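# Survey of secondary and tertiary structure
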Amino acid sequence: MSSAISPAASLSPAPLALYVHWPFCVSKCPYCDFNSHVRESVDQAAWAKALLADLAHEAAMLPGRQLTSIFFGGGTPSLMPPATVAAILNAAERHWSFAEGIEITLEANPSSVEAARFADLAAAGVNRASLGVQALDDEALRFLGRAHGVDEALRALQTAQEQFGRVSFDLIYARPGQPLGDWEAELTRAIGYGTEHLSLYQLTIEPGTRFATEAAAGRLTIPDGDAAADLFETTRGITAAAGLPAYETSNHAAAGAESRHNLTYWRYGDYAGIGPGAHGRREGVATARRKKPENWMAAVERNGHGIELEETLPPTTRAIEALVMGLRLTEGVDLTRVAALAEGREMVNHAAVHTLAQQGLVRLDGRRLIVTDAGALLLDAILREVVLTEE
């Protein structure tokens with residue numbers, strides 16, 4: 001356990017991202033394993049004060065940096081009062097500086113109630129919205145436990161496009177019994193709404209969720225094997241043809257419209273994380289906040305921050321993390337940087353890379369290792385082959 005950072009490191013000019021976690025939702029979706037909670041009431045003034053305190057502590061650990069992006073995630077951060085969002089943004093700019101054109105994203109449910117806040121959120125400084133549409137089919141939305149219908153979601157999308165400079169939305173596919181042709185039509189329709197970024201996730205059964213219980217009882221089966229591969233390949237083909245190619249395993253964007261914040265994660269840059277359950281990476285130190293909202297709040301009141309874990313990562317761990325994150329990107333990962341992070345320890349199985357390259361699953365572009373479109377279907381297996389563990 002360590003929070004020590006050297007004076008030289010603290011003056012690093014490297015850009016920084018900030019993640020703010022708002023843990024509350026109106027209801028818990030059956031597929032969701034995120035740190036989200038349903039509460040009858042929330043003391044908004046107390047939450048704003050605690051988030052500002054957590055932010056101040058993190059800023060003191062990372063002085064002299066410039067923020068390139070801020071991301072409000074959850075939970076459902078569109079339930080935050082716009083005044084709280086504004087206060088956090090004002091404080092972040094005081095503690096650090098804002099890069100020109102800073103990206104400020106807020107996740108939102110596409111409901112009429114939350115869409116009514118979009119103008120105020122934009123006025124507070126949010127310039128990018130990420131909407132959890134999840135499906136363009138009412139029956140599918142009911143299955144996914146969503147409170148909105150398709151028409152309401154599309155009205156919210158239109159409002160978001162009117163209020164924010166950049167808009168993305170999520171869809172979940174590979175739903176039980178979903179025919180390939182139905183997904184082709186749904187995705188084509190989604191592209192037609194004109195956003196320059198789409199997050200397209202295959203439905204997965206996560207431990208501890210209601211869907212996991214249903215699957216264990218044999219009441220829920222999702223496409224796998226060839227069916228899942230067909231859905232994935234079709235998704236990539238349709239989005240690429242529409243000018244929204246994949247730039248990460250599940251994310252698709254027009255050139256220049258990629259999520260700058262998420263690119264910081266995948267490129268293994270520094271990011272501060274505040275709020276319940278938020279994780280961070282600051283100059284080789286991993287941080288994690290307490291997950292349960294009440295425990296996080298008590299920790300902030302007691303210590304001035306919500307940190308539960310603060311650990312200096314070994315060089316090999318940092319190199320592994322950079323590899324695992326970077327190989328999700330279609331641009332791949334710079335092996336020279338991985339080697340520098342590892343401080344002399346070899347972290348790449350070059351024999352496996354050679355074999356996988358012959359099979360067309362990866363390729364080397366100079367010192368950059370890239371997983372091909374064919375390999376993207378087998379990413380987890382490729383990681384097991386390529387990444388040398390610390391054992």
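Residues numbered from 1 in each chain as written. Predicted model: local features only at pLDDT ≥ 70, side-chain atom pairs only at ≥ 80, totals over all residues. Heavy atoms only, no water.

## Quick notes on the overall build of the protein chain
Of the regular secondary structure elements, the protein chain holds 17 helices and 15 strands. Its C-alpha atoms give the protein chain a radius of gyration of 21 Å, within 12% of the compact-globule value 21 Å for 391 residues. With respect to the three principal axes, the spread of C-alpha positions in the protein chain is 55 × 50 × 45 Å. Looking at the 391 residues of the protein chain, the share that counts as buried comes to 53%. Within the protein chain, contacts between residues at least 6 apart in sequence are counted, and of these 71% link residues at least 24 apart. For the protein chain, the accessible area works out to roughly 17,100 Å², and carbon and sulfur atoms hold 52% of it. Between the centroid of the 33 positive side chains of the protein chain and the centroid of its 48 negative side chains there is a distance of 4 Å. (Helix = DSSP H or I, 4+ residues; strand = E, 2+ residues; numbered from the N terminus. Rg over C-alpha atoms; globule rule 2.2 N^0.38 Å. Buried < 20%, exposed > 50% of the residue type's maximum accessible area, 1.4 Å probe, protein only. Contact = heavy atoms within 4.5 Å. Areas by Shrake-Rupley, 256 points an atom, 1.4 Å probe, with all protein chains shown as cover. Lys, Arg positive; Asp, Glu negative; His and termini not counted. Charge placed at Lys NZ, Arg CZ, Asp CG, Glu CD.)

## Overview of the packing of helix α13 (residues 315-326) against helix α14 (residues 335-342)
Across the interface, α13 lies against α14 with an axial gap of 7 Å and an inter-helix angle of 160°. Classified by the angle between their axes, α13 and α14 sit roughly antiparallel to one another. Residues Pro315, Arg318, Ala319, Ala322 and Leu323 of α13 lie in contact with α14, whose contacting residues are Leu335, Val338, Leu341 and Ala342. Grouping the constituent residues of the contact of α13 with α14 by class yields eight nonpolar, no polar and one charged. (Axes fitted to C-alpha atoms, helices over the stretch in contact; angles between N-to-C directions. Parallel < 35°, antiparallel > 145°, perpendicular 65-115°, else oblique. Nonpolar A, V, L, I, M, F, W, Y, C, P; charged D, E, K, R; others polar.)

## Quick word on the nonpolar core
One finds Leu18, Leu67, Ile70, Phe72, Val85, Trp96 and Leu131 to be the most contacted residues of the largest nonpolar core, which totals 81 residues. Beyond its immediate chain neighbours, meaning those up to four positions away, tryptophan 96 contacts Leu16, Leu18, Leu55, Glu58, Ala59, Leu62, Arg65, Leu67 and Ala272. (Core = buried A, V, L, I, M, F, W, Y, C linked by side-chain atoms within 4.5 Å.)

## Considering the sheet that holds strand β14 (residues 362-365)
The strand order β13-β15-β14 describes an open sheet built from three strands, whose pairing is antiparallel. At either end of the open sheet lies a strand with only one pairing partner, and these are β13 (333-334) and β14. (Pairing = 2+ DSSP bridges.)

## Considering the side chain of histidine 197
Within the secondary structure layout, histidine 197 lies in strand β6 (residues 197-202). The buried category is assigned to histidine 197, whose relative accessible area is 3%. Separated by 2.8 Å, the side chains of histidine 197 and serine 168 make a polar contact. The contact partners of histidine 197, leaving out residues within four places of it in the chain, are Arg128, Val167, Ser168, Phe169, Tyr247, Asn251, His252, Ala253, Ala257, Glu258 and Ser259. (Polar contact = N/O pair within 3.5 Å; in protein donor to acceptor, adjacent residues only side chain to side chain.)

## Describing the packing of helix α15 (residues 350-358) against helix α17 (residues 379-386)
As a packed pair, α15 and α17 sit with axes 8 Å apart at the nearest point and diverge in direction by 145°. Only Ile382, Glu385 and Val386 of α17 make contact with α15, whose side of the interface consists of Ala352, Val353 and Leu356.

## A look at the packing of aromatic side chains
For any pair of aromatic rings, the description consists of the separation of the ring centres together with the inter-plane angle of the planes. Enumeration according to the criterion identifies 10 aromatic pairs in this entry. Between the aromatic rings of phenylalanine 24 and tryptophan 47, the centroid separation amounts to 4.9 Å while the plane-to-plane angle is 80°, which identifies the pairing as edge-to-face. With a gap of 23 residues between them, phenylalanine 24 in the loop between β1 (16-22) and α2 (44-61) and tryptophan 47 in helix α2 connect regions that are remote in the sequence. Here phenylalanine 24 matches tryptophan 47 in class, with each residue buried. Arranged with centres 4.8 Å apart and planes meeting at 25°, the rings of phenylalanine 143 and phenylalanine 211 form a pair that is stacked. Here the residue phenylalanine 143 occupies a position in helix α6 (residues 138-143), and phenylalanine 211 occupies one in helix α9 (residues 210-216), the gap between them amounting to 68 residues. Judged by its relative accessible area of 3%, phenylalanine 211 is buried. Chaining the aromatic ring pairs together yields one cluster made of Trp22, Phe24, Trp47 and Trp296. (Phe/Tyr/Trp six-rings, centres within 6.5 Å; stacked < 30°, edge-to-face > 60°.)

## Brief notes about α17
All of the buried residues along α17 are Leu379, Ile382, Leu383 and Val386. On an axial view of α17, the arc spanned by its buried residues comes to 100°, and they lie on one face. Pointing more than 90 degrees away from the buried face of α17 are the exposed residues Asp380 and Arg384. Packing partners of the buried residues in α17 comprise α13, α15, β14, β15 (368-371) and α16 (373-376). (Arc of directions from axis to C-beta.)

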